[in-house]
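Listed here are the chains, written in short residue letters.
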Amino acid sequence: MTFSLHAFTSSDTAFDVQAAALEDARPHPTEEALVQLGHAIMTELVDLVAGTALEDVQAILCEGLIGAFHSAAGRIEREAERGRDRMRWLERDFDGSEMADTELQEATRATRSLDVALAAAELVRDAASEAYTTMTGEVWTAWRGSRRGTFLTAAQLEAKTAIRAIERRKSGEAEITGPVVAFRAAPMADTAEDAQRIFDALNWARTQWPDMVLATTGAKGAEKVAIRWAQQKKVTLVLARADFDRFQKAAPFRANDELLALEPTCCLTLAQSLDERRRAQSHPFGPALSLAQQAEARGLRHMAIRARAA
């Protein structure tokens, strides 16, 4: 698969302007080229494994590929942070000499270049993620760490990060983006009827709190449907993942503790699929029932998602 920088016309997106401002003699790929690259590599992978013996591990391969770009973005971001630390050190000790001025300029140029490289990696990652969802209906979420949003997807935060932000907000140090709406639902509640009612409930919540943040555990099934909604609506996502290694069977309930620590404005729950056949095959989902009970005990607003009235 070959991509030519000259195959794309120049544009004035935020990324392209940021890249051009570096005044590097070497050209940067355009935003359009990077997005097409992300779409193309995911399309080629899915097309290649479809109908083959590798189809059974398609999700692992696809999510691993997206995760590779996410990991690369994280490494670049850490390198950029080290560059900013060096800039602060050089500025602090700046003595006005030509040597000090040259060092500071070089450090600034290198750090700005890393910022552009970070944006490029994120564009490819998010375009591949979008293609993955479009082609398979599955949703990729970063397994470790937080993820900034691009024009393609909303931001994603780890619950612990968001909880620290709330604590800093209370002390006047920082501010979280908006009111939190917590969502827990049964893994089996992922039929077309369930998805429609989940979207209805989340759309209702967004009309009540336009700057809402969606918090969920990212569990399979219904909560993946909610993540897809957040990505489509560009709503910031907070993931309180169940830590099975640490808490074992209690992990889904411990994840509820993190959701409640986010001080949600509203809790939405769907304890069982709305599809009659699915309901007959499963029991109500304990963690969703538990979150509903705890929310009501704390006087938090709670809404159980139900089927439309006949």
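Residues numbered from 1 in each chain as written. Predicted model: local features only at pLDDT ≥ 70, side-chain atom pairs only at ≥ 80, totals over all residues. Heavy atoms only, no water.

Engineer: Describe in detail the pairing of strand 3 (residues 213–216), supporting the description with residues and values.
Structural biologist: Residues Val213 and Ala215 point to one face of strand 3 and Leu214 and Thr216 to the other, with burial holding for every one of them. Two elements, strand 2 (residues 180–185) and strand 3, share three bridges in a ladder whose sense is parallel. Residue pairing in the sheet places Ala182 in a bridge with Ala215 of strand 3. (Buried < 20%, exposed > 50% of the residue type's maximum accessible area, 1.4 Å probe, protein only. Helix = DSSP H or I, 4+ residues; strand = E, 2+ residues; numbered from the N terminus. Pairing = 2+ DSSP bridges.)

Engineer: Outline the packing of helix 3 (residues 58–92) against helix 4 (residues 98–136), listing residues and values.
Structural biologist: Where helix 3 meets helix 4, the axes come as close as 8 Å, and the angle between the chain directions of the two elements is 160°. Overall, the two elements helix 3 and helix 4 adopt an arrangement that is roughly antiparallel. The chirality of how helix 3 crosses helix 4 is left-handed. Here the contact of helix 3 with helix 4 is built from residues that sort into 18 nonpolar, seven polar and 10 charged. (Axes fitted to C-alpha atoms, helices over the stretch in contact; angles between N-to-C directions. Parallel < 35°, antiparallel > 145°, perpendicular 65-115°, else oblique. Left-handed = near helix turned anticlockwise from the far one by under 90°. Nonpolar A, V, L, I, M, F, W, Y, C, P; charged D, E, K, R; others polar.)

Engineer: If you had to explain helix 2 (residues 31–49) to someone new, which residues and values would you point to?
Structural biologist: A rise of 1.5 Å per residue sets the reference length of helix 2, with its 19 residues, at 27 Å; its end C-alpha atoms lie 28 Å apart and thus fit the reference within 8%. Those residues of helix 2 that fall on the buried side of the exposure criterion are Glu31, Ala33, Leu34, Val35, Gly38, Ala40, Ile41, Met42, Leu45, Val46 and Val49. Buried residues along helix 2 sit in contact with helix 1 (14–20), helix 3 and helix 4. (Expected span 1.5 Å × (residues − 1). Contact = heavy atoms within 4.5 Å.)

Engineer: Describe the nonpolar core, with residues and values.
Structural biologist: Note that soluble globular proteins tend to have their nonpolar side chains buried in a common cluster. Judged by nonpolar contacts, the single largest core of 31 residues is most densely connected at Phe183, Ile198, Met212, Leu214, Trp229 and Leu268. Secondary structure elements with two or more residues in this core: strand 2, helix 6 (192–208), helix 7 (222–233), strand 4 (237–239) and strand 5 (266–270). Of the residues forming this core, the biggest block, six residues, is contributed by helix 7. In contact with Phe183, not counting residues within four places along its chain, are Ile198, Leu214, Ala215, Thr216, Ala222, Glu223, Ala226, Leu268 and Ile305. Ranked by size, the runner-up nonpolar core spans 12 residues in total, among them Ile41, Val116, Ala119 and Leu123. (Core = buried A, V, L, I, M, F, W, Y, C linked by side-chain atoms within 4.5 Å.)

Engineer: Tell me about unusual backbone geometry, residues and numbers included.
Structural biologist: The backbone of Gln248 sits at a positive phi, close to 55°, despite the residue not being glycine. Mapped onto the elements, Gln248 comes out in the loop between helix 8 (244–247) and helix 9 (251–261). The class for Gln248 is exposed, based on a relative accessible area of 57%. Here Glu263, not a glycine, exhibits a phi torsion of approximately 55°, which is positive. Along the chain, Glu263 falls in the loop between helix 9 and strand 5. According to the relative accessible area criterion, Glu263 is partly exposed, its value standing at 37%.

Note that all results are geometric; they support no functional claim without further evidence.
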